Amino acid sequence: MNAVLTPSLRRDLGLVVSQIRYEQRSYWRNRGRGIFTFVFPLMFLIIFATLNQGVRLHNLGGIPYDDFFVPGILAYGIIGTTYVNMAIGTAVLRDQGILKRMQGTPLPRWAYIAARIGSTVLIVAAITVVMLAVGSIFYGVHVRLSTLPGLIAILVLGTAAFTTLGIGITRFISNAEVAPVIVNLTILPLTFISAVWFPVNGIPTALADIAKAFPIRPLADGLQYAFNPHTGGAGFNGTDIRALAIWTAAGVYLMLRALRRPQGEVR
Amino acid sequence: MNSSLELAIEVRDLHKTYGTVEAVRGVSFEVARGEVFCLLGPNGAGKTSVVEILEGYRIRSDGEARVLGMDPARSERALRERVGIVLQQCGVQGDLTVAELIEMYGRYYTRRRSVDELIELVDLGEKRDTRAKQLSGGQLRRLDLALALVGDPELVFLDEPTTGFDPAARRGAWSVIRSLCDLGKTIFLTTHYMDEAQSLANRVAVMNAGQIIASGTPDELGGRDSRPAEIRFRLPSRWSLGDLPDVPGERSIAGESVAVMTREPVVATQRITTWAVEHDVELGHFSVNQPTLEDIYLELTAASAGTTETSSSDEGHVNQEVSA
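Rules behind the numbers
- Residues numbered from 1 in each chain as written.
- Chains lettered and ligands numbered in written order.
- Predicted model: local features only at pLDDT ≥ 70, side-chain atom pairs only at ≥ 80, totals over all residues.
- Helix = DSSP H or I, 4+ residues; strand = E, 2+ residues; numbered from the N terminus.
- Buried ≥ 20, exposed ≤ 12 C-beta atoms within 10 Å, placed from the backbone.
- Contact = placed C-beta atoms within 7 Å.
- Pairing = 2+ DSSP bridges.
- Axes fitted to C-alpha atoms, helices over the stretch in contact; angles between N-to-C directions.
- Core = buried A, V, L, I, M, F, W, Y, C linked by C-beta atoms within 7 Å.
- Parallel < 35°, antiparallel > 145°, perpendicular 65-115°, else oblique.
- Left-handed = near helix turned anticlockwise from the far one by under 90°.
- Nonpolar A, V, L, I, M, F, W, Y, C, P; charged D, E, K, R; others polar.
- pLDDT = per-residue confidence, 0-100.
- Domains from an automatic or database assignment.
- Expected span 1.5 Å × (residues − 1).

Chemist: Hey, could you run me through the overall build of chain B in this one?
Modeler: A count of helical and extended segments in chain B gives 11 helices and 13 strands. Expressed as a percentage of its 324 residues, the buried residues of chain B come to 39%. When contacts within chain B are restricted to residue pairs at least 6 apart in sequence, those whose partners lie at least 24 apart make up 67%.

This is how it looks when you write it as structure tokens:
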């Protein structure tokens, strides 16, 4: 282990940790970002969960609506924190010249990206804790110890996939002004066919197949699976885990492509 | 000659092409260690391309470039440790305070200057705990300067460092830059302000249409030191040009305002003032001037623009295409 952790690598890892702290400080001071990340999903959680309290979903074996909806809206919250924030945030950093400034310093590029990803993971952890706390305190949703491993696996893979995809998509975002348009265009339609807001048992097979081909459905479904009272075992849903793993690989590839220097230029 | 020891920057036959546009067309120059070198030129002349190649942001199309003995295109960390950069219009994390930003950027360097020292140097003491997004344009530029100096660099690139400063802040920045020279730092400066180049630079080079069209010390650029001086004064209307004594050079008058262009300004001044004292004439607004750097600069760039075809290519536009 010590052979791998050379002094210079150890110093760089220290830089990543300290940079995560600055990214966090920066993040929590900006109210607008906090509203998009926390207030929106929480607002939807409270509105829908309250409206449907006591409702049972007969198509899903009679489970309470909130056991379905809370993990679904958590998926929405995680996507907002990872994909949306990364894509729009990177476009803004690029437009403002901050990426260029960072590039002129000795901070290695990988260390800066690692710090931004690390900071995102912390925000995902925070929003997961807040939403599950609200869900269990007010809407009777239970985090079960038995299905916790499956829940964690989906959370980790979902965060990895959507964070890397968020950086990857910036290649197709020419400036910060179009970023919210492109990001929402790639997310919102999919959330409706991906059973984030309500069950979609009756939808045409073609739409269901489209939903399954993209990563939102596996994330929402994997979380809903872990919260379904009928789920036994450790809560692992092989299909969803496999889909998210493939999307993580695609995300890493797209991220590396997006970070690669355009021909002849260092960026 | 051991170039890596004596030269901070060495550029030979540098070319930069964007698509079919040749933004830099064979530029060569050297900057010695400890020197303040100033690159002048109109917008679109190729200055920014040259600077960004040296800073490692762009890759040259052809030619050679060495910065502190290293190839800037390889963007080595060792080079970035030793170079400070003030970019034009470059943002900063707006939700962090001045002190936090200096501390944060300082961590990236193995050798660094203290936060307090830098805040004092750029005179941002009162804004120490203010978030960057609440700073004025001039204060942001001073923060830029602090961030460029945080790694105690040997070589500092300053791309129009005082744009948007009020006159007092500009003088302040100049004294900071001079103090850097006193410490033996090398400064590579681009500016639109001729007084800035005059006041700071040991050597200037003028670029136009991708080429260096003149270089030298600010005082001798374009033969400035051998140009005729201009003596100007107001001659009360009861006197005419013919009443003045013979002086070397050419005389002209417009209204009461007399101009004498002469290569012997001392002799001419002495004759004119002696005559004035003898005849008890008050010569208002009396002045003797060499052509300013700005006069020479405008002359050089205007002459060069007339002889080149591609000078109208807008560099800003080209850059946008590249970064899109």
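There is more to say after this.
Chemist: Can you help me understand the sheet that holds strand 1 (residues 7-18) of chain B in this one?
Modeler: Strands belonging to one sheet form pairs held by backbone hydrogen bonds; the direction of such a pair is parallel or antiparallel. Residue and element names in this part refer to chain B. Taken in spatial order, the 3 strands make up an open sheet running 2-1-4, and their pairing is antiparallel. Edge positions in the sheet fall to strand 2 (21-32) and strand 4 (62-67), since each has one partner strand and no second. Ignoring which end each strand starts from, the neighbouring axes of this sheet average 15 degrees apart. By the bridge criterion, 5 bridges tie strand 1 to strand 4 in an arrangement that is antiparallel. When the bridges of strand 4 are listed, His-15 appears paired with Asp-62.

Chemist: Sorry, what's going on with the pairing of strand 7 (residues 186-190) of chain B here?
Modeler: Residues in a regular strand project their side chains so that they alternate between the two faces of the sheet. Residues and elements named next belong to chain B. When you tally the buried positions in strand 7, you get 5 out of 5 residues, the bulk of the element. Of the two faces of strand 7, both are covered, the one formed by Thr-186, Phe-188 and Thr-190 as well as the one formed by Ile-187 and Leu-189. For strand 3 (residues 36-40) and strand 7, the ladder comprises 4 bridges, and the chain directions are parallel. Residue pairing across strands places Cys-38 opposite Leu-189, the latter belonging to strand 7.

Chemist: What is the right way to look at the nonpolar core in this model?
Modeler: For soluble globular proteins, the rule of thumb is that nonpolar side chains tend to be buried together. Membership of the largest hydrophobic core comes to 77 residues, with the highest contact counts inside it found for Cys-38 and Ala-146 of chain B. Of the residues forming this core, the biggest block, 7 residues, is contributed by helix 6 (residues 137-149) of chain B. When near neighbours in sequence (up to four residues on either side) are disregarded, Ala-146 of chain B contacts Ile-102, Leu-118, Ile-119, Leu-121 and Val-122 of chain B. Counting residues in each nonpolar core, the second largest holds 52 residues, with Ile-73, Tyr-83, Ile-154 and Ala-195 of chain A among its members.

Chemist: Explain the environment of Leu-140 of chain B here, please?
Modeler: Residue and element names in this part refer to chain B. Relative to the helices and strands, Leu-140 is located in helix 6. A C-alpha to C-alpha distance of 33 Å links Leu-140 and Leu-300, two positions 160 residues apart in sequence. Once residues within four sequence positions are removed from consideration, Leu-140 is found in contact with Ala-132 and Leu-135.

Chemist: Explain the sheet that holds strand 12 (residues 257-262) of chain B to me, please; I cannot follow it from the model alone.
Modeler: Residue and element names in this part refer to chain B. Strands sit in the order 11-12-10-13 across an open sheet of 4 strands; the sheet is antiparallel. Strands with a single pairing partner mark the edges of an open sheet, and in this sheet they are strand 11 (250-254) and strand 13 (284-289). The sheet shows a mean angle of 15 degrees between the axes of neighbouring strands, taken without regard to direction. Sheet analysis places strand 10 (residues 229-234) next to strand 12, joined by 6 bridges and oriented antiparallel. Bridging from a neighbouring strand, Ala-229 pairs with Thr-262 of strand 12. Packed onto the sheet, helix 9 (residues 265-278) meets strand 10, strand 12 and strand 13 and runs at close to 15 degrees relative to strand 10.

Chemist: Teacher, can you tell me more about the packing of helix 2 (residues 31-51) of chain A against helix 5 (residues 109-139) of chain A here?
Modeler: Each pair of packed helices can be summarised by the angle the axes make with each other and by the distance between the axes. Residue and element names in this part refer to chain A. The geometry of helix 2 relative to helix 5 is characterised by a closest axis approach of 11 Å and an angle of 20 degrees between their N-to-C directions. As judged from the angle between their axes, helix 2 and helix 5 are roughly parallel. Crossing angle aside, the handedness with which helix 2 passes helix 5 is right-handed. Note on element contacts: helix 5 touches helix 2 through Ile-123, Ile-127, Val-130, Met-131, Val-134, Gly-135 and Tyr-139, opposite Thr-37, Phe-38, Pro-41, Leu-42, Leu-45 and Ala-49. In terms of residue class, the contact of helix 2 with helix 5 is built from 11 nonpolar, 2 polar and no charged.

Chemist: Sorry, what's going on with the interface of chain A and chain B here?
Modeler: A common way to report how large an interface is uses the accessible area buried once the components associate. Between chain A and chain B, the residue contacts involve 21 residues of the former and 25 residues of the latter. For the side of chain A that touches chain B, the secondary-structure elements that each account for two or more residues are helix 1 (7-29) and helix 4 (98-103) of chain A. Among the elements that make up the side of chain A that touches chain B, the one with the highest residue count is helix 1 of chain A (6 residues). The class makeup of the residues in the side of chain A that touches chain B is 7 nonpolar, 9 polar and 5 charged.

Chemist: Could you clarify how one ought to interpret the environment of Glu-230 of chain B in this entry?
Modeler: Residues and elements named next belong to chain B. Tracing the backbone shows Glu-230 in strand 10. The class of Glu-230 is partly exposed, set by 17 C-beta atoms lying within 10 Å. In the structure, Glu-230 is positioned 118 residues away from Arg-112 in sequence and 49 Å away in space, judged by C-alpha atoms. Contacts of Glu-230, omitting those with residues within four sequence positions, involve Ala-259, Met-261 and Asn-289.

Chemist: What should I look at first to understand the confidence of the model for chain B in this one?
Modeler: Atom-level detail of predicted coordinates should not be read off regions where pLDDT is low. All names here are of chain B. For chain B, per-residue confidence averages 87 on the pLDDT scale, and 92% of positions sit at 70 or higher. Put simply, helix 11 (residues 315-323) is where chain B has its lowest mean pLDDT, 37, and helix 4 (residues 98-106) is where it has its highest, 97. Reported for the predicted complex are a pTM of 0.84 and an ipTM of 0.88.

Chemist: I would appreciate a short explanation of the domain arrangement of chain B in the present structure.
Modeler: When the domains of chain B are assigned, the result is domain 1 (3-222 + 294-323) and domain 2 (228-289). Taking only C-alpha atoms, the centre of domain 1 of chain B and the centre of domain 2 of chain B are 43 Å apart.

Chemist: How do you make sense of the environment of Gln-270 of chain B when you look at a structure like this?
Modeler: Residues and elements named next belong to chain B. Among the secondary structure elements, Gln-270 is positioned in helix 9. For Gln-270, a count of 13 C-beta atoms within 10 Å translates into the label partly exposed. In this structure, the C-alpha to C-alpha distance between Gln-270 and Val-247, residues 23 residues apart in sequence, is 9.4 Å.

Chemist: How should the confidence of the model for chain A be read in this particular structure?
Modeler: Across chain A, pLDDT averages 89, with 96% of residues at or above 70. Summarising per-element confidence for chain A, the mean pLDDT is lowest in helix 2 of chain A (85) and highest in helix 6 (residues 148-168) of chain A (95).

Chemist: Explanation requested: helix 6 of chain B in the structure shown.
Modeler: Every α-helical turn comprises 3.6 residues, leaving residues that sit three or four positions apart pointing alike. Residue and element names in this part refer to chain B. For helix 6, spanning 13 residues, the distance from its first C-alpha to its last is 19 Å, which sits close to the expected 18 Å at 1.5 Å a residue. Among the 13 residues in helix 6, 11 count as buried, and that is most of the element. Turning to helix 6, its buried residues are Gln-139, Leu-140, Arg-141, Arg-142, Leu-143, Asp-144, Leu-145, Ala-146, Leu-147, Ala-148 and Leu-149. Where helix 6 is buried, its residues meet strand 5 (83-86), helix 4, helix 5 (115-121), strand 6 (155-159) and helix 7 (167-182).

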